[in-house]
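The lines below spell out each chain.
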Amino acid sequence: MRETELMLRGYGLTTAEIFYRLPDYQNVLQSFIWQEYDLAPDHPRLFAFIEFWQEEIEGPLHSVRFAHRKMLGAGEWRNVVGELRYC
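Throughout this document, residue positions are counted from 1 along each chain, in the order its sequence is written. Given that the model is predicted, a residue must reach a pLDDT of at least 70 before its local features are reported, and side-chain atom pairs must reach 80 or more before they are shown or counted; all residues, however, enter totals for whole chains, interfaces and linings. The basis for every side-chain value is the complete set of non-hydrogen atoms in the structure, without hydrogens or water.

Peer 1: Would you take a moment to explain the overall build of the chain for this structure?
Peer 2: Secondary structure elements are taken from DSSP: a helix is a run of H or I of four residues or more, a strand is a run of E of two residues or more, and numbering for both begins at the N terminus. Secondary structure summary: the chain contains two helices and three strands in total. The secondary structure elements of the chain, listed N-terminal to C-terminal, are α-β-β-α-β. Here's how the labels work: a residue is buried when its accessible area is under 20% of the maximum for its type, exposed when over 50%, partly exposed in between, all with a 1.4 Å probe on protein chains only. Burial status across the chain gives 23% buried among its 87 residues. A contact between two residues is defined here by any heavy atoms of the two lying within 4.5 Å. Summarising the internal contacts of the chain: among those between residues at least 6 apart in sequence, 59% fall at separations of at least 24. For the chain, the computed accessible surface area is about 7,000 Å², with 50% contributed by carbon and sulfur atoms. Accessibility throughout is a Shrake-Rupley quantity obtained with a 1.4 Å probe, and a residue counts as covered only by protein chains that appear here.

Peer 1: How should the nonpolar core be read in this particular structure?
Peer 2: Most often, soluble globular proteins have nonpolar side chains that are buried together. Within this scheme, the nonpolar core is defined by two criteria: the residues are buried Ala, Val, Leu, Ile, Met, Phe, Trp, Tyr or Cys, and they are joined through side-chain atoms within 4.5 Å. Counting eight residues, the largest nonpolar core is built from A16, I18, Y20, W34, L46, F49, I50 and W53. Breaking this core down by element, the ones donating at least two residues are β1 (12–21) and α2 (44–56). Considering each element in turn, this core owes the most residues, four residues, to α2. Residue contacts for Y20: discarding those within four places in its chain leaves V28, L29, Q30, S31, F32, W53, G59, P60, L61 and H62.

Peer 1: Can you help me understand the side chain of E17 in this one?
Peer 2: Checked against the element boundaries, E17 lands in strand β1. Here E17 falls in the buried class, since its relative accessible area comes to 19%. Dropping the residues within four chain positions of it, E17 is found in contact with S31, F32, I33, S63, V64 and R65.

Pasting the structure below:
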């Protein structure tokens with residue numbers, strides 16, 4: 001789906017900052033930024049990504065912090081049928 005369609009269905013932009021430890025250097029923290037359109041408050045895409053990380057990526061997670069912003073609500077959308085130009 002396109003971004004506008006997702007926003008009209010209630011999705012918002014979720015940004016997560018993921019801190020993880022390097023496998024060979026456990027005292028070093030790295031950060032990774034993840035961004036995707038997701039549904040609040042359950043955040044299924046974010047939690048699916050975290051599960052994928054834990055199963056497939058060697059760097060163990062230290063912490064995750066995230067923010068969610070609903071970009072467009074159903075009441076904020078208007079379908080414009082025509083256009084009038086003044087020249």
